[in-house]
Structure formats: structure tokens, C-alpha cells
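# Examination of the molecular architecture
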Amino acid sequence: DPLNFPIKLNNKLGNLLGGVERSDDAPTLQDTQVYEELASQVNTQLTTLKNLLTTDLGSFNKLVHEENVPAVIIAEPKPPSTVPR
């Protein structure tokens, strides 16, 4: 649903891969340039994720522990509703 969820890096890489795989020729210069641009964007996102996991996650977990917040909250199951016939 590209109207509600814009095309992201994964979709762009998948589309590029599909185009390259459908051809019997080597990837074009444009294919290589698009790949390099997308790979650069992916590497930026991976660096951001690594920073979050190594710095912010520890702080978040410490705060959750200090505030005694349950990590997972399980709601009581609701009984099935009966439908009159």
C-alpha cells in the first residue's frame, strides 16, 4: 500500500535486484550507481541502529528497572462473546 506506507529502502533494493536478475547482461552503470546510493543509506540506518542498541537501549532498560515497569504486560483474556441465533 504505497499510498499509506511509502516505498522504503528494502523495497528499493528488492526492485533493483529483480531488475538486475531479469537481465542476461551485466548490471548497467545506473544499476551500480543506484545500488551504491541505496547501500550508503542502508549503512547510515545500520549505524543509527547500532548506536541505539549500544547506548540508548541500556539507558532505557535501566530506567524501566528503576521505575519497576513490567517489560511485558499480558491482558486477561476476554471470554468469547456469544452471538444470539
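Preceding this section is the structure that the text describes.
So, here's what we can say about the structure. (Residues numbered from 1 in each chain as written. Predicted model: local features only at pLDDT ≥ 70, side-chain atom pairs only at ≥ 80, totals over all residues. Heavy atoms only, no water.)

### Things to note about the pattern of salt bridges
Here is the rule we go by: Salt bridges are defined as contacts in which a side-chain nitrogen from Lys or Arg sits within 4 Å of a carboxyl oxygen from Asp or Glu. Numbering of helices and strands runs from the N terminus; a helix is a DSSP stretch of H or I covering at least four residues, while a strand is a stretch of E covering at least two. Remark: exposure states derive from per-residue accessible area (1.4 Å probe, protein chains only) relative to the maximum for the residue type, with buried under 20%, exposed over 50%, and partly exposed in between.
All told, the structure shown has one salt bridge when counted by the stated rule. A salt bridge links Glu66 to Lys62; the nearest nitrogen and oxygen atoms lie 3.9 Å apart. Of this pair, Glu66 and Lys62 both sit in helix α2 (residues 29-66), separated by four residues, roughly a single helical turn. Using a relative accessible area of 53% as the deciding quantity, one classes Lys62 as exposed.

### Some remarks on the environment of Ser23
To be explicit about the condition: Think of a polar contact as two N or O atoms within 3.5 Å of one another; within protein, one of them needs to be a possible hydrogen donor and the other a possible acceptor, and neighboring residues in sequence only count if both atoms come from side chains.
Within the secondary structure layout, Ser23 lies in the loop between α1 (9-22) and α2. Residue Ser23 is classed as partly exposed on the basis of its relative accessible area, which comes to 32%. At a separation of 3.0 Å, a polar atom in the side chain of Ser23 contacts the main-chain amide nitrogen of Asp25.

### Details of unusual backbone geometry
Positive phi values are uncommon outside glycine, yet Asn68 reaches one of about 55°. Relative to the assigned elements, Asn68 resides in the segment after α2.

### Re a nonpolar patch on the surface
Threshold: Exposure above 30% relative accessible area and the lack of any salt bridge qualify a residue for a patch; like charges then connect within 9 Å, and the nonpolar side chains Val, Leu, Ile, Met, Phe, Trp and Tyr within 5 Å. Computed with a 1.4 Å probe, the accessible areas rest on the Shrake-Rupley method; for each residue, only the protein chains presented here act as cover.
On the surface, Leu46, Leu49, Leu53, Leu57 and Phe60 cluster together to form a nonpolar patch covering roughly 480 Å² of accessible area. You can see Leu49 is positioned in helix α2.

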